Amino acid sequence: MIEIQQLYKNYGSHEVLKNLTLSIPAHQVVAVIGPSGSGKSTFLRCINGLETITAGKITVNGHEIDAKAPKKVLQKAIYSIRQETGMVFQQFNLYPHKTVVENVMEALLVVKKMRKDQAHQIASNLLKRVGLSEKEDSYPSQLSGGQQQRVAIARALAMEPQLMLFDEPTSALDPELVGEVLKVMKSLAEEGMTMMIVTHEMNFAKNVADRVLFMADGVIVEDAEPKAFFEHPQTARAQQFLQQVNEF
């Protein structure tokens, strides 16, 4: 599903991502963890074409972003990737003037040019899937943060993505609301959705992910199954990180 080859991302002279190479097969759930400033969110944004890569290649479901490719070729690849990729951010980015069901319908109407009744039916089904059927006609301001994030997940699923990217989807939530979002993400994992999740939720990474990428200083320091990583981290950097996490 995803192939990364010698990926670099610089902001001026500052190297944020350094020579990342990895392969992620379809249906795998990958948790990306590590200290703040390690390049995790930038890595995710590069995969979806939200950041311009400095060097290397990213291939998603056969669509290739090559840093050396002409601008038109790049734009076409990024458009294709976005058609097949759902992304959920820290902030929910819902349209405040639209109802919950209208927020989920929007991409179906604008991008897929779907009939309104058809889009409404799909949106209703997706809201049921994330446990929000009764909130269809509410506005985002009437929802809790956890509910808004579940609407954002439903909206991302509306395009029937092959891949879901989550950028710290629970970091802006009150602690008691985190579980309801993780429950939806867990159900997606169980259904076989390919997922990459930048997260601080270590228990979720431990219990739901098939694989953990530990990043620090712009590189992938460790790439392992969750049990192996959390019980027997191989590097001093990972050991230090887990020690600090476990202190809290």
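What you are looking at is a predicted structure, and each value in this text was computed from that prediction instead of being measured. Sequence order as written defines the numbering, with residues in each chain counted from 1. Restriction of local features to residues with pLDDT of at least 70 applies here, the model being predicted, together with a cutoff of 80 or more for giving and counting side-chain atom pairs; totals for whole chains, interfaces and linings are based on all residues. With hydrogens and water stripped out, all remaining heavy atoms of the structure feed into the side-chain values.

Caption draft 1: Representation of helix α2 (residues 71-83) in the model. Secondary structure is summarised from DSSP: a helix means a run of H or I of at least four residues, a strand means a run of E of at least two, and numbering begins at the N terminus for each. Each residue after the first adds 1.5 Å to the expected span of a helix. End to end, α2 covers 18 Å across 13 residues, agreeing with the expected 18 Å (1.5 Å per residue, within 8%). Each residue is placed in one exposure class: buried if its accessible area under a 1.4 Å probe, protein chains only, is under 20% of its type's maximum, exposed if it is over 50%, and partly exposed if it falls in between. For α2, every residue scored as buried is listed here: L74, A77, I78, S80 and I81. Seen end-on, α2 carries its buried residues on one side only, within an arc spanning 160°. Facing away from the buried side of α2 by more than 90 degrees, the exposed set consists of K71, K72, K76 and Y79. Should any heavy atoms of two residues lie within 4.5 Å, those residues are counted as being in contact. On its buried side, α2 packs onto α1 (40-47), β4 (55-60), β5 (63-66) and β6 (85-88). Here the arc refers to the set of directions running from the helix axis out to each C-beta atom.

Caption draft 2: Expanded view of the packing of aromatic side chains. Planes of paired rings set the category: under 30 degrees apart is stacked, over 60 is edge-to-face and the rest tilted, where pairs are Phe, Tyr or Trp rings (Trp by its six-membered ring) whose centres lie within 6.5 Å. Taken as a whole, this structure holds three aromatic pairs when the rule is applied. With 5.8 Å between their ring centres and 35° between their planes, F214 and F229 make a pair best called tilted. Of this pair, F214 sits in strand β9 (residues 211-216) while F229 sits in helix α8 (residues 226-231), placing them 15 residues apart in sequence. You'll find F214 and F229 in the same group, each marked buried. With a centroid separation of 5.1 Å and an interplanar angle of 45°, the aromatic rings of F214 and F241 are classed as tilted. Of this pair, F214 sits in strand β9 while F241 sits in helix α9 (residues 236-246); the two residues are 27 residues apart in sequence, bridging distant segments of the chain.

Caption draft 3: Representation of unusual backbone geometry within the structure. Within the chain, H27 stands out as a residue other than glycine whose phi angle is a positive 75°. Residue placement: H27 occurs in the loop between β2 (14-24) and β3 (29-33). Positive phi values are uncommon outside glycine, yet N93 reaches one of about 55°. Within the secondary structure layout, N93 lies in the loop between β6 and α3 (100-110).

Caption draft 4: Spotlight on the nonpolar core. The biggest cluster of nonpolar side chains holds 53 residues, and the ones touching the most others in it are I33, L127, I153, M164, F166, M185 and M195. Top contributing element to this core by residue count: helix α6 (residues 175-190), with eight residues. Ignoring any residue separated from it by four or fewer positions in sequence, one finds M195 in contact with Q28, V29, V30, L163, M164, F166, M185, L188 and A189. To qualify as a nonpolar core, a set must consist of buried Ala, Val, Leu, Ile, Met, Phe, Trp, Tyr and Cys residues joined through side-chain atoms within 4.5 Å. Counting 29 residues, the second largest nonpolar core, distinct from the first, contains V32, L44, I47 and M215.

Caption draft 5: The pairing of strand β10 (residues 219-224), seen in detail. At least two DSSP bridges between two strands are needed for those strands to be called paired. Of the strand pairs in this sheet, β9 and β10 are connected by five bridges, and their pairing is antiparallel. The partner of M215 across the bridge, within β10, is I220. Hairpin remark: β9 followed by β10, antiparallel, with two residues in the connecting loop; positive phi at D217, about 55°.

Caption draft 6: Broad picture of the sheet that holds β9. With respect to topology, six strands assemble into an open sheet ordered β6-β7-β8-β3-β9-β10, the strand pairing being mixed. Of all strands in the sheet, those bounded by a partner on one side alone are β6 and β10. Taking the axes of each pair of neighbouring strands and ignoring which way they run, one obtains an average angle of 15° across the sheet. As paired elements, strand β7 (residues 163-167) and strand β8 (residues 194-198) share five bridges and run parallel to each other. Paired with M164 across the bridge in β8 is M195. Contacting β3, β7 and β8, α6 runs over the sheet at an angle of about 145° to β8. What counts as an axis is a line fitted to C-alpha atoms, over the stretch in contact for a helix, and the angles between N-to-C directions run from 0 to 180 degrees. Running at roughly 100° to β9, α9 makes contact with β3, β9 and β10 of the sheet.

Caption draft 7: Local environment of the side chain of T199. Its place among the elements puts T199 in the loop between β8 and α7 (202-207). Within the structure, the side chain of T199 is placed 2.9 Å from the backbone nitrogen of E201, a separation counted as a polar contact. In this structure, T199 is in contact with A31, V32 and I33, ignoring residues within four places of it in sequence. Polar contacts here mean pairs of N or O atoms no more than 3.5 Å apart (in protein, one a potential hydrogen donor and the other a potential acceptor; neighbouring residues in sequence count only if both atoms are side-chain atoms).

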